[in-house]
Amino acid sequence: MSYNFFMASATHIEPQDEEGLYPIRHVCAETGINDVTLRAWERRYGLIRPMRTPKGHRLYSVGDIARIKRIMELLEQGIPVSQVHRVLDDEPASRPEPSETGKAPENTTRPRRRSSARPGIAPHTMDPLAEALYASVTDLDVGELDRAYTRQVMRHGWDGVHESAFLEVYRRLREESRHDAEGEVRLAIFAAWATAAFADQLRTATRACDDPAYPCLVLGGGHQQVGGMLLQLACARRGLKTLPLFDATSPEGLETLMRRLNAPALIIHGSSQVMRSPELPRVEAILKQAGPPCYLAGSAALELSKCEHGREIEVLPGPPLEAAARLSRHLPQ
């Protein structure tokens, strides 16, 4: 793919004022690929080489966008992202020009499937970061999973791994666990590794946080704790100290704890399964009791907010990192 490097080096170019070049937000909206994936395709695999403005903003041409859509098609066909570059290199650089009759030469190009317009990552396509983590889980090798995770965090940063890739692997493993025994095993191993890894990171990150500590009730067992642990770790990395609780204590016991901690708020994280759990009555009793505000997180947050409550309730965004960002803005540190 050729680029006008003179144009790219011009000092006056801005993302919005050069016709035929588009900023990353436009490309994400048109293709349905998120910006984290686009940057990974560029940095790690060299699949795209957008131009840059003097301020460092990426600019994508029409050809870049067509290439991105072709990459999506290849990934949908099951080609590993690490092999996509080889396939693209073997393909014609462009479609043949029409003949004098106005018709394209026959049998010179193979038909292409229409790319998906659905938001998010294309169907059956994983974020490259997620793909690397997922591959290490399939071998049921905790050591390799730990090494793969460490490599990804070193290359792409903690937020870069956890804002989408980690959660994508978790969602995929949950879905697979519903269909076969091996899927159940993969999810169990991944969840055990993740909760242990997050617990270690949380202990370290919490030492740098000041009081007060906010009790965080994480409902559910096994893999249902992963989201709650990730939320608390993201809070600690923003300087917000939490106290993990994994049992739904009585309202009186929780009130005593919050008084001793002088905690100005409570956090409750629960998956949708909590609505069918034996823990639900205690949670409902906690919400019904008057007291400091309660922030609800996880997939059960919206349903829990409909329960009768005697305290102020706020529903946090679903993604743990977004929920942690909201908490860090609202709660004193």
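These numbers were taken from a predicted model, which means no experiment stands behind them.

Asker: What is the right way to look at the sheet that holds strand S2 (residues 51–52) in this model?
Answerer: The strands making up a sheet associate through backbone hydrogen bonding, with each pair oriented either parallel or antiparallel. Here 3 strands make up an open sheet; going across it, the order is S1-S3-S2 and the pairing antiparallel. Lying at the two open borders of the sheet, with one neighbouring strand each, are strand S1 (21–22) and S2. Inspection of the sheet shows S1 paired to strand S3 (residues 58–61) by 2 bridges, in the antiparallel sense. What sits directly across from Leu21, in S3, is Ser61. Packing against the sheet, helix H3 (residues 35–43) makes contact with S2 and S3, and its axis sits at approximately 85° to S3.

Asker: Sorry, what's going on with the pattern of salt bridges here?
Answerer: Any two side chains of opposite charge can pair, given that their charged atoms come close. The final tally for this structure, using the stated rule, is 16 salt bridges. A salt bridge links Glu144 to Arg151; its shortest N-O distance comes to 3.1 Å. The exposure class of Arg151 is partly exposed, given its relative accessible area of 35%. With its nearest N and O atoms 3.1 Å apart, the salt bridge here joins Arg172 to Glu176. Residue Arg172 and its partner Glu176 are located together in helix H8 (residues 158–177), separated by 4 residues, close to a single helical turn. Using a relative accessible area of 33% as the deciding quantity, one classes Arg172 as partly exposed. Several salt bridges converge on common partners, so that one network encompasses Arg172, Glu176, Glu182 and Arg186.

Asker: It is not clear to me how the packing of aromatic side chains should be interpreted in this structure. Could you clarify?
Answerer: Two descriptors summarise a pair of aromatic rings, namely the distance from one centre to the other and the angle between the planes of the rings. The full count for this structure, using the stated rule, is 5 aromatic pairs. Measuring from ring centre to ring centre gives 5.8 Å for Phe190 and Trp193, while their planes differ by 45°; the resulting arrangement is tilted. Of the two residues, Phe190 and Trp193 are both situated in helix H9 (residues 181–207); the distance of 3 residues between them amounts to about one turn of the helix. Here Phe190 and Trp193 have matching classes, each one buried. An aromatic cluster is defined as three or more aromatic residues linked by ring pairs; in this entry it consists of Tyr149, Phe166, Tyr170, Phe190, Trp193 and Phe198.

Asker: Looking at this structure, how should I read the pairing of strand S7 (residues 294–297)?
Answerer: Two faces belong to every sheet, and in a regular strand the side chains alternate between them. Neither face of S7 is exposed, since Cys294 and Leu296 on one face and Tyr295 and Ala297 on the opposite face are all buried. Direction of pairing for strand S6 (residues 266–269) relative to S7: parallel, over a ladder of 4 bridges. Each residue of the ladder has a partner; that of Ile267, found in S7, is Tyr295.

Asker: Can you help me understand the packing of H8 against H9 in this one?
Answerer: Helix-helix packing is characterised by the crossing angle of the two axes and by the distance between the axes. Viewed as axis vectors pointing N to C, H8 and H9 meet at an angle of 150°, and their least axial separation amounts to 8 Å. On the basis of their axis angle, the class for H8 and H9 is roughly antiparallel. The handedness of the crossing between H8 and H9 is left-handed. In this structure, H8 uses Trp158, His162, Phe166, Val169, Tyr170, Leu173, Arg174, Glu176 and Ser177 to contact H9, whose residues at the interface are Gly183, Glu184, Arg186, Leu187, Phe190, Trp193, Ala194, Phe198 and Gln201. Taken together, the residues that form the contact of H8 with H9 break down as 10 nonpolar, 4 polar and 4 charged.

Conventions used here
- Residue numbers restart at each chain and count upward from 1, following the sequence in its written direction.
- Reporting in this predicted model follows two pLDDT cut-offs: at least 70 for local features of residues, and 80 or more for side-chain atom pairs to be given and counted; totals over whole chains, interfaces and linings ignore these cut-offs and use all residues.
- Computation of side-chain values covers all heavy atoms of the structure but excludes hydrogens and water.
- Strand pairing is defined by DSSP finding a minimum of two bridges between the two strands.
- We count a stretch as a helix when DSSP gives it H or I for four or more residues in a row; a strand needs E for two or more, and each element gets its number in order from the N terminus.
- Here, residues are in contact when the closest pair of their heavy atoms is within 4.5 Å.
- Each axis is a line fitted through C-alpha atoms, taken for helices only over the stretch in contact, and angles between the N-to-C directions span 0 to 180 degrees.
- By salt bridge we mean one thing: a side-chain nitrogen of Lys or Arg within 4 Å of a carboxyl oxygen of Asp or Glu.
- Summary of the burial criterion: residues with accessible area below 20% of their type's maximum are buried, those above 50% are exposed, and those between are partly exposed, where the area comes from a 1.4 Å probe applied to protein chains only.
- Centres within 6.5 Å make a pair out of two Phe, Tyr or Trp rings, where for Trp the six-membered ring is used; the pair is then stacked when the planes are under 30 degrees apart, edge-to-face when over 60, and tilted otherwise.
- Note on angle classes: values under 35 degrees are labelled roughly parallel, values over 145 roughly antiparallel, values of 65 to 115 roughly perpendicular, and the remainder oblique.
- What makes a crossing left-handed is the near helix being turned counterclockwise from the far one by less than a right angle; a clockwise turn instead makes it right-handed.
- Residues were grouped as follows: Ala, Val, Leu, Ile, Met, Phe, Trp, Tyr, Cys and Pro as nonpolar; Asp, Glu, Lys and Arg as charged; and all remaining residues, including Gly, as polar.

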